[in-house]
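Notes for the structure review
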Amino acid sequence: MSELATQAGLTPDELEARIAILRGAGYEIELVPHLGYRMSGVPDRLIADDLSGLLSRNGAPLKIAREILVFEETGSTNDVAARLARAGTPEGLVVFAERQTAGRGRLGRRWDSAARKGLWFSLLLRPALSMAGWSRLTTWAALGVARGLEEVLPGCRAAIKWPNDVYLSGRKAVGILIESAADSSGNFAIVGIGVNVNQTAADFPEELAGRATSLRLAAGGEEVPPLDRQEVATALLRHLDTLYDRLDEEEGDGFSSLVAEAETRSCLLGQWVEIAGPAEAFHGIAEGLEPDGSLRVRREDGTAVRISGGEVTVANWQNRA
Ligand code: BTN
């Protein structure tokens, strides 16, 4: 043990004291006679320093995760990130919460954010895009998340339900809420991402039964061990970071290639859908994505409509008027 302490630049007592701190934080560390210590389990907790360490590239942080904060509980991580944005925080802040008491979804819905079951986090971004180009964040976020999920769930296909829900095995696993604002600190976007990671079927509230899933359920259910949430978080952030620079590129591998990939992942294309408009709902076939990421729907009279927001649901063709 004294050799190990020397290597770490500590006295044996200091080494033991640090091991005790880690054990207190939930790390399972065994003493292996004549060899040293062995870490046999990590706590199911998000730890900002661990996340930053896992994410740094040669010591440099990712552009979108320059600073990471983890709260045990908060109302909504989107609100925390927006407050910090207004106080002048630069781009690249990520706010996680183990539990949200007022997690919200799109269209004013509630987002169920049970403690330690998923990843509830928000990114503060200040993209160098014209305000009109900010809608690109929708495609970017969905695609980065879909790629990240496939990395941690080999063999699974992550589909995108336009605009930016991510589905596994036909059920929603991830919801994304993007809010943008401008104030004296400049323009900013808060990209809130909710990922159901380790819920079992019984963990979902009744109203979500049959519609929501988690990564663990998609990977095989209760038979498979819970996933390491830090590993999932870092995979998603890494993919989002890789794609971030392509948002303002027009040529080659630029934004148009993100749209093309999002289109191949779409679970709406070719489907008869209902679009809930501000006045009345209308129907059509979801035909494809436009270069800006909006959805093109072909109505029964042959006209094409470009949808840039709102709620799209798969409808029953037999029941059309
Ligand atoms: C939706 O599908 O309607 C979007 C859900 C977005 C949920 C996330 S969880 C982290 C962030 N904080 C919130 O209050 N909402 C987003």
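In short, a report on the structure. As the structure is a prediction and not an experimental result, all values here were calculated from the model. (Residues numbered from 1 in each chain as written. Predicted model: local features only at pLDDT ≥ 70, side-chain atom pairs only at ≥ 80, totals over all residues. Heavy atoms only, no water.)

It is worth spelling out the overall build of the protein chain at this point. Across its full length, the protein chain carries eight helices and 14 strands. Referenced to the eigenvectors of the C-alpha coordinate spread, the extents of the protein chain come out at roughly 80 × 45 × 35 Å. The buried share of the protein chain, reckoned over its 321 residues, is 45%. A sequence separation of at least 24 residues applies to 59% of the contacts in the protein chain between residues at least 6 apart. Carbon together with sulfur atoms contributes 50% to the accessible area of the protein chain, which is approximately 15800 Å² in total. Averaged over its 34 positive side-chain charges, the protein chain has a centre that lies 3 Å from the centre of its 45 negative ones. (Helix = DSSP H or I, 4+ residues; strand = E, 2+ residues; numbered from the N terminus. Buried < 20%, exposed > 50% of the residue type's maximum accessible area, 1.4 Å probe, protein only. Contact = heavy atoms within 4.5 Å. Areas by Shrake-Rupley, 256 points an atom, 1.4 Å probe, with all protein chains shown as cover. Lys, Arg positive; Asp, Glu negative; His and termini not counted. Charge placed at Lys NZ, Arg CZ, Asp CG, Glu CD.)

Below, the discussion takes up the sheet that holds strand E9 (residues 186–196). Either a parallel or an antiparallel arrangement is found when strands of a sheet pair, and the pairing is made through backbone hydrogen bonds. With respect to topology, seven strands assemble into an open sheet ordered E3-E4-E5-E9-E8-E7-E6, the strand pairing being mixed. The sheet is open, and its two edges are formed by strand E3 (67–71) and strand E6 (158–161), each paired on a single side. Taking the axes of each pair of neighbouring strands and ignoring which way they run, one obtains an average angle of 20° across the sheet. Note: strand E4 (residues 93–97) against strand E5 (residues 118–125), five bridges, orientation antiparallel. Bridge pairing in E5 places leucine 93 opposite leucine 124. (Pairing = 2+ DSSP bridges. Axes fitted to C-alpha atoms, helices over the stretch in contact; angles between N-to-C directions.)

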